[in-house]
Amino acid sequence: MIDTNAVALHAKRVFLKFSTMVGRNPLLQSGGFRPEQLGQNALAQIRNLGFTIFVLGVLIFTIIAATYEPEDPLFHPSTKITTFLSSTSNATFKSDDTVVKTGEDFMAANQTAFATFINVTDVVEDATPVTTTSLECEAEVGKPIDCTDQEVFHVMMKAAIEQFKDIHFYRFGKPVRGSDETSCHMAWRFRPKEGKAAAFYKDYRSFEISRSENCTFSVVRIGEYHSGGNARKRKKNHKGEFEKKPPKQELQPVAMPEVGETVNDSLPVVESEHSFSQGRYLVYQGGGDRCKSMQQYLWSFMCALGEAQYLNRTLVMELSLCLSSIHTSSQQDEQGKDFRFYFDFEHLKESASVLDHVQFWTDWTKWHQKDGLSLHLVEDIRVTPMKLAGVKDTLIMRKFGTVEPDNYWYRVCEGETESVVQRPWHLVWKSKRLMDIVSAIASRLNWDFDSVHIVRGEKAKNKELWPNLDADTSPGALLSTLSSKIDDGRNLYIATDEADTSFFDPLKDKYSTHFLDEYKDLWDQNSEWYGDTMKLNNGNPVEFDGYMRSSVDTEVFIRGKKQVETFNDLTRDCKDGVNSCSSASS
């Protein structure tokens, strides 16, 4: 706060100085207006007048600054702005059935200024014509296509750029031999020309190549999304089974999601007894966050991760989740879900120090007595991370009780801790396996589609809170509203919680409609997703559950060229019910 007494004293001094200055003005002194002095004092008068105005301005501004108390939080320091925008100090955490935002959602969508995309003219300029005699050409006819040939490479690049007009290509991998003598596989990294998502995507496709009589090459056909498996880069896990591709700093100085890469989310291991004994760890034990909404789980987990980083400790985390009934098709809480089903554990373990709790407790039991490892137990959430900064013990265990909401993990980050421990959102991204499904759907639509998000379900039945929603999202109303927003004949992806998609059949008269269930092959028993998640689940099949569906549906929606929202564009109702439109959630 500004000391008003000090300001008043300062103002008095300024006024006295101003009075003295005026008293010394030669034009105001006796004889100051003599004819012989007018020319000499003209400039002095102008200078003194300007200084007088400046002093008065400073005086007025000082008085205003001392007495003004702004209500607008934007006039507060930056820490106060952050609190105003994101504070959730109230322990009442409202459950939310929407998809949780993760690190990539907070990235700017235009973070590609550091990389130049490749266009057709670049390929043509790089190409060097090869002179071939007719005799040499005859000898080549019938031979297998050499996929390493530079001319073949250029032809493939040009064909890809010309066919996929709605994406920017940032890098092409060298072609490799395909499935037969006329096939080559090639990978590339790209981003859609339009859309909000900040991510690089990777595709690898099969190209059927033909050689003409004069030995020129042409592309006959390009395969479907991820059809060129031979061009896929393989990665090593911790056992060294596959080679891990080093990061390309010249392409990605800013960490961004890479969709389409081989996922390596194997568990981190402790290299030796010595490295374990030298480590410092933090673990959260118990609490009431389990089986709550995914939003609350992530909010609490990010608090624990933020404290671990603040204390420079390894977070001991449990990969087994309980999925809340609000996200399941069975409408019951489901235990035993793996963190890696929903989030990118590979990025997390490469960006932060984390350890699976099963591995940790196995090593702790084995070595803690032998090496004299100590434990510091904290059972009061009022013990802030700042008070734990000097703790030297090997393990800090926060043990949470049974009384809700005082046993929620995120309570640790409330109050004074809020301005000290920051949640590291950039460390948690959505699962690459789910995002690969998103990319596959968008690719099948050639990244050239518009999208609409239609919320119905239970909300449409509740006339008290949403009196207009049912009527505003009826087929007739949708046709009327969308006609001014989406051009006729467009591919229209409909993200919705309406179970019966035939409800939207009238929209087919104007649009080519698409729904999530059209792409079931991307998660059925023959899919890559199914095989990968089954391995994570100890050989047991994994259900493509309600949260996964919502996540993929939402992510495809935001990749549309035009996006139409329910509560912003289709209905007069508020997202959280009657009279809630002024809130942040509307």
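Residues numbered from 1 in each chain as written. Predicted model: local features only at pLDDT ≥ 70, side-chain atom pairs only at ≥ 80, totals over all residues. Heavy atoms only, no water.

Asks: Can you walk me through the overall build of the protein in this structure?
Replies: On a plain count of helices and strands, the protein comes out with 19 helices and 17 strands. Taken over 586 residues, the protein has a buried fraction of 44%. Considering only residue pairs separated by 6 or more positions, the protein has 69% of its internal contacts joining residues 24 or more positions apart. Here the protein has roughly 31,100 Å² of accessible surface; of this, 52% comes from carbon and sulfur atoms. (Helix = DSSP H or I, 4+ residues; strand = E, 2+ residues; numbered from the N terminus. Buried < 20%, exposed > 50% of the residue type's maximum accessible area, 1.4 Å probe, protein only. Contact = heavy atoms within 4.5 Å. Areas by Shrake-Rupley, 256 points an atom, 1.4 Å probe, with all protein chains shown as cover.)

Asks: How do you make sense of the state of the cysteines when you look at a structure like this?
Replies: Covalent bonding between the sulfur atoms of two cysteines defines a disulfide. Tallying each qualifying case throughout the model produces four disulfides. One disulfide bridge connects cysteine 147 with cysteine 184, the sulfur atoms lying 2.0 Å from each other. Disulfide cysteine 147 to cysteine 184: torsion about the S-S bond roughly -90°, handedness left-handed. Taken as a pair, cysteine 147 in the loop between α5 (134-140) and α6 (150-163) and cysteine 184 in strand β3 (residues 183-192) lie far apart in primary sequence, 37 residues in all. Each of the two residues, cysteine 147 as well as cysteine 184, counts as buried. Linked covalently through their sulfurs, cysteine 574 and cysteine 581 form a disulfide whose S-S length is 1.9 Å. When the S-S torsion is -110°, as for the bridge of cysteine 574 with cysteine 581, the disulfide is left-handed. Judged by relative accessible area, which is 9%, cysteine 574 ranks as buried. (Disulfide = S-S within 2.5 Å.)

Asks: Whenever I open this one, the pairing of strand β13 (residues 395-400) confuses me. Can you help?
Replies: Two faces belong to every sheet, and in a regular strand the side chains alternate between them. Across the six residues that make up β13, a large majority, five, are buried. In the sheet, strand β7 (residues 281-286) pairs with β13 via six bridges, with the strands oriented parallel. Bridging from a neighbouring strand, glutamine 285 pairs with lysine 399 of β13. Of the pairings in the sheet, the one linking strand β12 (residues 375-378) to β13 comprises four bridges and is parallel in character. (Pairing = 2+ DSSP bridges.)

Asks: Looking at this structure, how should I read the nonpolar core?
Replies: The tendency in soluble globular proteins is for nonpolar side chains to be buried as a group. The biggest cluster of nonpolar side chains holds 93 residues, and the ones touching the most others in it are Trp188, Phe301, Phe339, Leu348 and Ile441. The element contributing the most residues to this core is helix α8 (residues 294-310), with nine residues. Listed in part, the 13 residues of the second largest apolar core include Val452, Leu482, Ile494 and Phe504. (Core = buried A, V, L, I, M, F, W, Y, C linked by side-chain atoms within 4.5 Å.)

Asks: I tried to follow the sheet that holds strand β17 (residues 563-564) on my own but got confused; where do I start?
Replies: The pairing of strands in a sheet comes from backbone hydrogen bonds and takes either a parallel or an antiparallel form. The sheet built from four strands is open, its strands ordered β16-β15-β14-β17 with parallel pairing. Looking at strand neighbours, the two that pair on one side only are β16 (512-514) and β17, the edges of this open sheet. Of the strand pairs in this sheet, strand β14 (residues 450-454) and β17 are connected by two bridges, and their pairing is parallel. Across the sheet, serine 451 pairs through a bridge with glutamine 563, a residue of β17.

Asks: What should I look at first to understand the confidence of the model for the protein in this one?
Replies: Caution applies to low-pLDDT parts of the model: their predicted coordinates are not meant to be read in detail. Here the protein averages 83 in pLDDT, while 78% of its residues score no lower than 70. Confidence drops under pLDDT 50 across residues 26-33; counting only partners more than four residues distant or on other chains, this segment forms 13 contacts. Confidence drops under a pLDDT of 50 for residues 242-253, and excluding neighbours within four residues, the segment shows 28 contacts in the predicted structure. (pLDDT = per-residue confidence, 0-100.)

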